[in-house]
Amino acid sequence: METADTVAAPRRRTLLRMIRAGGAAAALGATLAACGKDDRKAAAERTGSRGTATTTAAVTGSGAPGPDTVMIIRHGEKPKEEGDSAPYGVTEQGEKSEHALLVRGWQRAGALVALFAPDAATPPRAGLRRPETVYAAGPHGGKSLRPSETVTPLAAKLGTPLKLDHRTGDEAALARELLARHGTTLVSWEHHRISDIVKGLGRVHPAPPAAWPDDRFDLVWVFTRDGDGWTFAQVPQLLLDGDRPDPAR
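Reference entry: report on the structure contained in this document. What you are looking at is a predicted structure, and each value in this text was computed from that prediction instead of being measured.

1. With respect to the packing of aromatic side chains
Throughout the structure, instances matching the rule amount to three aromatic pairs. Between Trp 212 and Trp 221 the ring centres are 4.6 Å apart and the planes differ by 35°, which places this aromatic pair in the tilted class. Judged by its relative accessible area of 3%, Trp 212 falls in the buried class. Note on Trp 221: relative accessible area 1%, which makes it buried. Judged by centre distance (5.5 Å) and plane angle (85°), the rings of Trp 221 and Phe 232 are edge-to-face. Taken together, the positions of Trp 221 in strand S6 (residues 219-226) and Phe 232 in strand S7 (residues 229-236) put the pair eleven residues apart, joining distant regions of the chain. Both residues of the pair, Trp 221 and Phe 232, belong to the buried class.

2. Side note on the pairing of strand S4 (residues 184-189)
Remember that side chains alternate between the two faces of the sheet whenever the strand is regular. For S4, a buried count of six out of six residues is recorded, marking the element as mostly surrounded by other parts of the structure. Alternating residues of S4 divide into Thr 184, Leu 186 and Ser 188 and Thr 185, Val 187 and Trp 189, and every residue in both groups is buried. The pairing of strand S2 (residues 133-136) with S4 spans four bridges and is classified as parallel. Across the sheet, the residue bridging to Val 134 is Leu 186, located in S4.

3. Considerations on the side chain of Asp 68
Position of Asp 68 among the secondary structure elements: in the loop between helix H3 (36-45) and strand S1 (69-74). Separated by 2.9 Å, the side chains of Asp 68 and His 182 make a polar contact. A distance of 2.9 Å separates a polar atom in the side chain of Asp 68 from the backbone nitrogen of Gly 183. When sequence neighbours within four positions are dropped, the list of residues in contact with Asp 68 reads Arg 181, His 182, Gly 183, Phe 223, Thr 224, Arg 225 and Trp 230.

About the cut-offs
- Residues numbered from 1 in each chain as written.
- Predicted model: local features only at pLDDT ≥ 70, side-chain atom pairs only at ≥ 80, totals over all residues.
- Heavy atoms only, no water.
- Phe/Tyr/Trp six-rings, centres within 6.5 Å; stacked < 30°, edge-to-face > 60°.
- Buried < 20%, exposed > 50% of the residue type's maximum accessible area, 1.4 Å probe, protein only.
- Helix = DSSP H or I, 4+ residues; strand = E, 2+ residues; numbered from the N terminus.
- Pairing = 2+ DSSP bridges.
- Polar contact = N/O pair within 3.5 Å; in protein donor to acceptor, adjacent residues only side chain to side chain.
- Contact = heavy atoms within 4.5 Å.

In structure tokens form, the structure reads like this:
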């Protein structure tokens, strides 16, 4: 959490610094206003036919050691693919880019800090764990910026380097690396390719949706190691106005 002196720093700062300073708190405030405590509790306890996380899920929100866990999110909101009209994507330096997040996507990036890495006295939401390692699809040639932008504020809060060794198209190699990892890992990826990561994990029960929905930026897919396979659950983010409590089908 930034100090008051940091917040009062000179006006010319990167978007990343602004997100780290106030984005998470602002987005969390929007969550409280839009959802309410009872709604968030109900969503956390919601069950679904495709393994929606509950308060008794195998993955706990405590900081205690637990089974190996892989959490996968889609990058934050992006510009429309057709035409060149507002709203525009912007880089962390505030420069216009069709390959970067929208302002709403940056708001989500800031809010993810509070979701996955709240202050020490507050455990993550039931069904989630504090990541020890954070992966994102690596940018290349000025493209594919959104996956890394989405989790850059979180990696900074965690004090861990963001792993960008794999690009979109390298899902099989990434899955092999995830299979060999222990502890809790978070992955930020392009949604059309997430199913390829899931395939590489091997046996998963219950079966996840065949594809990540085009209209959802507000989910966390959680895979908890169970013997030689994985248990699957979905946790709604409920971070921004309009985020939904229902799982993907």
